[in-house]
Amino acid sequence: TLTVEGCHIHDITGEGISASSSTIDIRNSIVERTNEALSLDFCRTVVEFNTLRNVIGKSDLCDANGSNNPPARIAFNTMHGTSDDAIDADRGSVFAEGNTIRNCGDQGLSLVGAGNSTVFRNVVFRNVVGLSVNDSHVAAANFNTFAFNSSIGVRGIEKNAGQGGGIITLKSSIVWGSPTSLFVNSTGSITTTYSDVQGAVLPPGAGNINLDPLFVN
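Cut-off values and rules
- Residues numbered from 1 in each chain as written.
- Predicted model: local features only at pLDDT ≥ 70, side-chain atom pairs only at ≥ 80, totals over all residues.
- Heavy atoms only, no water.
- Phe/Tyr/Trp six-rings, centres within 6.5 Å; stacked < 30°, edge-to-face > 60°.
- Helix = DSSP H or I, 4+ residues; strand = E, 2+ residues; numbered from the N terminus.
- Buried < 20%, exposed > 50% of the residue type's maximum accessible area, 1.4 Å probe, protein only.
- 1 Å grid on protein atoms, 1.4 Å probe; cavity = no way out; pocket = protein on both sides within 12 Å on 5 of 7 lines; lining within 4 Å.
- Points joined across faces, edges and corners; volume = space filled by probe spheres on them.
- Nonpolar A, V, L, I, M, F, W, Y, C, P; charged D, E, K, R; others polar.

**Overview of the packing of aromatic side chains**
Next, step 1: As enumerated under the stated definition, the model contains three aromatic pairs in all.
Next, step 2: Ring plane angle 10 degrees and centroid distance 5.2 Å describe the contact between F49 and F76, whose orientation is recorded as stacked. Of this pair, F49 sits in the loop between β7 (44–48) and β8 (51–53) while F76 sits in the loop between β10 (72–75) and β11 (78–82), placing them 27 residues apart in sequence.
Next, step 3: The partly exposed category is assigned to F76, whose relative accessible area is 34%.
Next, step 4: Centroid distance F120 to F143: 6.0 Å. Interplanar angle 90 degrees. Geometry classified as edge-to-face. One end of the pair, F120, is in strand β16 (residues 116–120); the other, F143, is in the loop between β19 (138–142) and β20 (145–147), with 23 residues separating them in the sequence.
Next, step 5: On the basis of relative accessibility, which here comes to 22%, the residue F120 falls in the partly exposed class.
Next, step 6: Note on F143: relative accessible area 39%, which makes it partly exposed.

See the structure below:
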């Protein structure tokens, strides 16, 4: 069992915090200029109110794999500055709430393989892909903003052959300012309702619009 609160972990050539099969509670801390900020495998995970930034090399800001009962809680964090993903979850589930995620060289949130996740009230902007749900992972994404991601706003894809596409329910969200707003392949799907989605073709579903969200700088 590890509790970290009010700490500053920085300038380490290895990972900031590494744990496996543990109970982890990380709050109100800063992790920066490490190889990977948080590497948490098969843990009972709570990561709240932290700043995770500017990692070294091809590293994730929060790598949370294999957490299912309960899902890893990653909430109210500020996350930026990596050539890889902000939140990367393989073979597990996450509850990602209220995070601000920006300037990541790959995906803001990457959810891969068996698992059911909730993505709620996050602001995800200026990454390459905002939200990527892969290989039969199921995600409910409500009240999020995915803006100005340089490739795709939200996608449900088959990343590994034979694993099936990601399944997304997108509701009451904004997807704006990316070359491609929504993308699916294989058996992937995105069910969209009551959302503001930029594009020449409005996605089917109740209450969808395509109108400038009038962001304030």
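**Re the layout of surface pockets**
With a probe scaled to a water molecule rolled over the atoms, the places where space remains empty come into view.
Next, step 1: In this model, the largest pocket occupies a volume close to 190 Å³.
Next, step 2: Surrounding the largest pocket, V123, F125, R126, T145, A147, F148, F215, V216 and N217 form its lining.
Next, step 3: Only β17 (123–125) and β20 provide two or more residues apiece to the lining of the largest pocket.
Next, step 4: The residue makeup of the lining of the largest pocket, split by class, is six nonpolar, two polar and one charged.

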